[in-house]
Structure formats: structure tokens, C-alpha cells
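# Architecture at a glance
So you can see what is in the structure, the chains are spelled out below.
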Amino acid sequence: MKFEDLLLEIGGFGRFQIFILFILCLPRINLPMHFLLHNFLAATPSHHCAIPHQEAFQNLTMEEVLLISIPREPDGTFRSCEMFSQPQFHLLLNSSLQSENKSITQHCQHGWVYDHSQFTSTISTEWDLVCEQRGLNQATATFFFVGVTTGSVVFGYLSDRFGRKTMLLLSLVCSVVCGMLSAASVSYSMLVITRTLTGAALSGISLIVLPLGMEWVDVQHRTFSGILTSIFWSIGNMLLAIVAYLVREWHWLLVAVTAPCLLSIVCLWWVPESARWLIANGKVKQAHRDVLRCARMNGRKDFTVSPEALRRMATDKKPGGSYSYISLFRTPVLRKISLCCGAVWFGVSFSYYGMSMNLTGFGLNMYLSQFVFGIIEIPAKMITYVLVNRVGRRQSQAWALILTGLCIGANVIIPNSLTSLRSAVAIMGKGFSEAAFTTVFLYTSELYPTVLRQNGMGYTSFMARLGGALAPLIFLLDEVWRSLPEVTYCGVAVCCGLVAFLLPETLNVRLPEGIEDIE
């Protein structure tokens, strides 16, 4: 008897599985609230150089003081990073006489003054991460994703070694501790370190929640359960917009998005360990108790199974052989699949976070953008579920990514004055981006043979984290050309979408078991 046969007897998708999936969706909601927190945590409000000795200008209004102290941009707004070295009183007579002479301007010497109408405080205003220090502001998101990348390697190994539930609990506890320490940061260095550690801790949740739920679900309901679980990521997206709107001070915002982990820790008490993991590791007595509990909750009260039968499941498993990440590149076809999958995952993550972290670039209020971007993901997931089973995985993956890039590129051409059109195109692009992300999880798991599937998913996950880590830094390219970040996101998405056409179709194809099935 195999575990899949056992699930048919005890119920592969009954009240027990629904109960577990619901509890595991609670930490799932929390993930985007941290992964996309940078939009609000590090938001940079409008600002200008602080003007010294303002008491000397008592007879002037604030607008007049700014006029003689701060140079203007061509559009009439005051510059954020420069000031006049000496007051330009002649501008009071005619403000259009502003000289283009660079020698009369200098960088801000006395700090900055920020507009606090939208944010009480952010890390940008706390440590003046603007102008020459703007790169440090974007780097906080990159350090967070570096932590996520590192943590996925660590928790991936530990969850196989010590169990899914134990490591999920450790991940949640570490997320609470590191998240609260981030909120209490007294320096930029402390914030970077604690945010990196928070990313590492949260990666355990990201890595473990889905497999722990799926290992209790039968084959027929696995894809549906995966899509259903991923919807709670979108709900977390929408909740982040609401929380950020209500909490405008960055310390308390970190507390607000971290605190829900405490509820997940309490609820985890009712979630059993993966019976598959318990049986594979010889913990048959505990697996026996959990299997009987599953049968009772699913209404199969007459079901009985002996611990010896469960023990035989472990001994009946075939040895998997010795495989590593290098095995992904040893044979020709598998090498092609791995290279193409790596590029696709990088492009999907790079464009997704590129769009998700540019809330102010499409003409909508940033809170409304965050909320709408979350809403659009839900129908995108539903449509994806239909399309991948109708037109196939390859076509769905390629065109979702290409259309994401084209939507980003379209907003480079569309004038800023056409706010409604820019917003509509951005929302469509976000939907395509989410469709690409949803498809790539399913598609990749079907491309790799069983003996290398975990290694394959680990490698592609690393490429996705790499894309997520680089995405925030690309915004710094706007100093070279204002539209260069969007052009970069567009180009990468389209190119990686074209690469997806090189992958084999897996619709209605038997899952490969060994490398020879691929070759």
C-alpha cells in the first residue's frame, strides 16, 4: 500500500484537509505584508533642502523663502537635492530669471525638510535616505530578499531533517522576534541586519506552508488546493494596503504586519505534522494517531490501519539515488530545461516585484494601487487555472510573461496626463504578471523528473529570489534616463517570455520519474 492509496480510504480532501489548509493560510496572508512592505516602509515623501537662518527672512512668506533659496525644476517644482549657495533675492522680482549657472548651487548642507501630509515617518525621513543616500533606501529591499534567499536554503534542509511543523513553528517565532527588533531599530545598520534576518525567517513560512498542506491532500485536489492557497497571498496584498493606510508611522507599521504571526503560532497547535514525513523518518506511532484523526474528521469512523502497515510504506519506498544541483546540468535535455526555467523564473519574479514596487508610477494613489493590484490577482489566478488546462502550460507561461512586459513598456509611451489609461494598463500588466507567477509553479514541477524535482524547484526558487533582490535596485537607473527602469523590466520580461517557448509542453503528459524519461 502507498500513502496515496491510504488517502483514498481516509478521505483525500475532506473536513480535515480543509481545516489544515485554512490554518496554514493564516501565515500565507502574512508573507506579502512583509515582502511588499518596502513600498510603505521606505516611501520617500516630497522634500527639499533645509534652509538655515530662516529668522533672517521674517518679512518673507515661506513660498518666497523657498523661491530665493531652492532652485526650480523645469516643471516649476522645487529641487529635492540642491539649494542656492547664497539667497537669490532678484528672483522675488521675476522668478523666471533663474540662472542655469551651476556654480551658484550646492548640495543640501543642513539636512532636508519633508512633507509629512501622507507619512508621519518612514525610514527615508528617519535617516535621510534621499539624494546621494537614495541607494541605501532601495538596498533595504535587496537585503531583505538576500535574507529570503539564504533562509530558503537553510529551512529547506532543516524541514527535511527535523520535520515540517517544527521548522514552521521556528520560522514563525523567529519572524516575530526579528520583526519586532526591526521595529525597534535605532540605526540604519540595525534595521538592515534585522530585516535581512526577518527575510530569512519568513522564507521558512514561504517554503514549508504549501508542502505541509499538500502532503495531506490527494492527487486530484492538489492543483486546486495550490491555487486556493495562493489566493491568500492576494488577500495579504489587499490587507497591506489597508494596514499601511491606517498606520503611517514606520515603527508601528512593522509591529502591525508582524503581530499576526502570533495568531499563526497559536493556531499551529491544531496542525499535525506531515504523515508522509513521519512515515519516511520512522515515526510510525505519531503518524498512526494523525491518520486515524484524519479519518474520524472526514467521517470514516470505521477505518482502521495497523502501525505495521504504515511501517511497510517506509520500507517499500525505492531508494532515490544520489542527486545534487549539478545533476540538473549533466544531460543535454535536462540542461536546456534548467537554463530555460532559470531564465523564466528570474523574469517572472523580476517583473512582478518591479511592478509591485512602483505603486506611484501609474497615476493612482499608492494605497489604492496596492489594493487594486491585490484584487486583480484573484481573477488572474482563476483564469490561469482554466487556461493551463486548455491551451497548455507553455503557451500560458510564455504569453503571460510577454504581455506583462508589453504592458510595462506601454506605460513608457503613454503620456502621464492620461492617468486612467496608464492605470488600466498597469492593472492589466499586474494581472498578467500574477498569471505568469501562478503558471510557473505548476509548470516547473511537471518539467523535472521525480528524482530531481526538489532540486529543480530549489534552483528555480533561487533564481526567483535573485530577480526579487535585483528588482528594487533597477529603480536607481532613473538617474540615467527617467524611463530606463520600466524599459529594463519590459525587456527582461519579454525576453524571458520568449525563452519559455523553448520548453516542452507538459499538458496531459505523464510526469517523468527518472532522468532517462526526460532524455
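Quick caveat: nothing in here was measured; it's all calculated off a predicted structure. (Residues numbered from 1 in each chain as written. Predicted model: local features only at pLDDT ≥ 70, side-chain atom pairs only at ≥ 80, totals over all residues. Heavy atoms only, no water.)

## Some remarks on the overall build of the protein
Looking only at helices and strands, one finds 21 helices and four strands in the protein. Whereas a compact globule of 519 residues would reach a radius of gyration of roughly 24 Å, the protein reaches 26 Å, a difference of no more than 12%. Looking at the 519 residues of the protein, the share that counts as buried comes to 53%. A sequence separation of at least 24 residues applies to 78% of the contacts in the protein between residues at least 6 apart. Each charge sign in the protein was given a centre, from 38 positive and 34 negative side chains, and these centres are 12 Å apart. (Helix = DSSP H or I, 4+ residues; strand = E, 2+ residues; numbered from the N terminus. Rg over C-alpha atoms; globule rule 2.2 N^0.38 Å. Buried < 20%, exposed > 50% of the residue type's maximum accessible area, 1.4 Å probe, protein only. Contact = heavy atoms within 4.5 Å. Lys, Arg positive; Asp, Glu negative; His and termini not counted. Charge placed at Lys NZ, Arg CZ, Asp CG, Glu CD.)

## Overview of the nonpolar core
Counting 117 residues, the largest nonpolar core has Phe 35, Leu 168 and Tyr 353 as its most contacted members. Of the residues that make up this core, three or more belong to each of domain 1 (1-44 + 128-317) and domain 3 (326-518). When residues no more than four places from it in sequence are discounted, the contact partners of Tyr 353 are Phe 35, Leu 36, Phe 145, Trp 233, Gly 468 and Ala 471. If you look at the next biggest cluster of nonpolar residues, it comprises 14 residues, including Phe 57, Ile 68, Ile 70 and Met 83. (Core = buried A, V, L, I, M, F, W, Y, C linked by side-chain atoms within 4.5 Å. Domains from an automatic or database assignment.)

## Concerning the environment of Met 180
Relative to the helices and strands, Met 180 is located in helix 7 (residues 164-183). Between the C-alpha atoms of Met 180 and Val 391, which are 211 residues apart in sequence, the distance is 46 Å. For Met 180, the residues in contact, after removing those within four places along its chain, are Val 255, Thr 258 and Ala 259.

## Some words on the domain arrangement of the protein
You can read the domains of the protein as domain 1 (1-44 + 128-317), domain 2 (47-114) and domain 3 (326-518). A separation of 45 Å is found between the C-alpha centroids of domain 2 and domain 3.

## Observations regarding the environment of Val 499
Looking at where Val 499 falls in the secondary structure, it is placed in helix 20 (residues 484-500). Placed 404 residues apart in sequence, Val 499 and Ser 95 show a C-alpha to C-alpha distance of 54 Å. The residues touching Val 499, leaving out its near neighbours within four places in the chain, are Cys 340, Ala 343 and Val 344.

## Side note on the UniProt feature "transmembrane region" (unreviewed entry) in the protein
Those places that UniProt annotates as "transmembrane region" (unreviewed entry) correspond, in this numbering, to residues 6-26, 167-186, 192-212, 224-246, 252-271, 337-355, 367-388 and 400-418. This span, residues 192-212, is 100% helix and 0% strand, and a straight line between its end C-alpha atoms measures 31 Å. Taken as a whole, residues 337-355 contains 100% helix and 0% strand, while its terminal C-alpha atoms sit 27 Å from one another. (UniProt positions renumbered as here; feature names shortened; annotations may be inferred.)

## Concerning the side chain of Lys 381
Locating Lys 381 in the fold gives a position in helix 16 (residues 366-390). The contacts of Lys 381, once residues within four sequence positions are left out, are Ile 227, Ser 230, Ile 231, Ser 234, Glu 434 and Thr 438.

## Quick word on a nonpolar patch on the surface
On the surface, Phe 19, Val 266, Trp 269 and Trp 270 cluster together into a nonpolar patch covering about 480 Å² of accessible area. Position of Trp 270 among the secondary structure elements: in the loop between helix 11 (260-267) and helix 12 (275-280). (Patch = residues over 30% accessible without salt bridge, like charges linked within 9 Å, V, L, I, M, F, W, Y side chains within 5 Å. Areas by Shrake-Rupley, 256 points an atom, 1.4 Å probe, with all protein chains shown as cover. Salt bridge = Lys/Arg side-chain N within 4 Å of Asp/Glu carboxyl O.)

## Remarks on unusual backbone geometry
Of note in this structure, Asp 128 is not a glycine but carries a positive phi near 50°. By secondary structure assignment, the location of Asp 128 is in the loop between helix 5 (123-127) and helix 6 (134-162). For Cys 131, which is not glycine, the phi torsion reads 55° and is therefore positive. Within the fold, Cys 131 resides in the loop between helix 5 and helix 6.

## Digging into the packing of helix 16 against helix 18 (residues 419-447)
One can describe the packing of helix 16 onto helix 18 by two numbers: an axis separation of 8 Å at closest approach and a directional angle of 50°. Judged by the inter-axis angle, helix 16 sits oblique to helix 18. Crossing geometry of helix 16 relative to helix 18 is assigned as right-handed. Contacts between helix 16 and helix 18 involve Val 372, Phe 373, Ile 376, Glu 377, Ala 380, Lys 381, Thr 384 and Val 388 on the former and, on the latter, Ala 426, Ile 427, Lys 430, Gly 431, Glu 434, Ala 435, Thr 438, Thr 439 and Leu 442. Across the contact of helix 16 with helix 18, the residue classes tally to nine nonpolar, four polar and four charged. (Axes fitted to C-alpha atoms, helices over the stretch in contact; angles between N-to-C directions. Parallel < 35°, antiparallel > 145°, perpendicular 65-115°, else oblique. Left-handed = near helix turned anticlockwise from the far one by under 90°. Nonpolar A, V, L, I, M, F, W, Y, C, P; charged D, E, K, R; others polar.)

## Examining the side chain of Thr 506
Examined against the element boundaries, Thr 506 turns out to sit in the loop between helix 20 and helix 21 (515-518). A distance of 2.7 Å separates a polar atom in the side chain of Thr 506 from a polar atom in the side chain of Glu 446. Filtering out sequence-adjacent residues up to four positions away, Thr 506 remains in contact with Arg 393, Tyr 443, Glu 446 and Leu 447. (Polar contact = N/O pair within 3.5 Å; in protein donor to acceptor, adjacent residues only side chain to side chain.)

## Considerations on the packing of aromatic side chains
To describe a pair of aromatic rings, you give the distance between the ring centres and the angle between the ring planes. Taken as a whole and assessed by the stated rule, the structure comprises 21 aromatic pairs. Members of the aromatic cluster, joined through ring pairs, are Phe 35, Phe 144, Phe 145, Trp 233, Trp 345, Tyr 352, Tyr 353, Phe 437 and Phe 441. Taking the ring centre of Tyr 245 as reference, the NZ or CZ of Arg 248 above it sits at 4.7 Å. (Phe/Tyr/Trp six-rings, centres within 6.5 Å; stacked < 30°, edge-to-face > 60°. Lys NZ or Arg CZ within 6 Å of the ring centre and 35° of its normal.)

## Some remarks on the state of the cysteines
Should the sulfur atoms of two cysteines be covalently bonded, the bond is a disulfide. Counted under the stated rule, the structure contains two disulfides. Two residues share a disulfide in this structure: Cys 49 and Cys 108, whose sulfurs sit 1.8 Å from each other. Every disulfide takes its handedness from the sign of the S-S torsion; for Cys 49 and Cys 108 that torsion is -65°, giving left-handed. Residue Cys 49 is located in strand 1 (residues 47-49), and its partner Cys 108 is located in the loop between strand 3 (105-107) and strand 4 (112-114); the two are separated by 59 residues in the primary sequence. For the pair formed by Cys 49 and Cys 108, the shared burial category is buried. A sulfur-sulfur distance of 2.0 Å marks the disulfide that ties Cys 81 to Cys 131. On the sign convention where negative is left-handed, the bridge of Cys 81 and Cys 131, at about -95° about the S-S bond, is left-handed. Separated by 50 residues along the polypeptide, Cys 81 in the loop between helix 4 (62-69) and strand 2 (82-84) and Cys 131 in the loop between helix 5 and helix 6 bring together distant segments of the chain. Distance from the sulfur of Cys 294, which forms no disulfide, to the nearest cysteine sulfur (Cys 25) is 17 Å. For Cys 294, a relative accessible area of 0% gives the class buried. (Disulfide = S-S within 2.5 Å.)

## Thoughts on the confidence of the model for the protein
With 95% of its residues at a pLDDT of 70 or more, the protein has an overall mean of 88. The element-level mean pLDDT for the protein is lowest in helix 14 (residues 307-315), coming to 78, with helix 10 (residues 250-258) highest at 97. (pLDDT = per-residue confidence, 0-100.)

## Considering the environment of Tyr 114
Mapped onto the elements of the fold, Tyr 114 is located in strand 4. Measuring from C-alpha to C-alpha, the distance between Tyr 114 and Glu 479 comes to 21 Å, with 365 residues separating the pair along the chain. Ignoring sequence-local partners within four residues, the contact set of Tyr 114 consists of Pro 45, Ser 46, His 47, Ser 124, Thr 125, Asp 128 and Val 130. Within the local environment of Tyr 114, its side chain forms a polar contact with the side chain of Asp 128, the two groups lying 2.6 Å apart.

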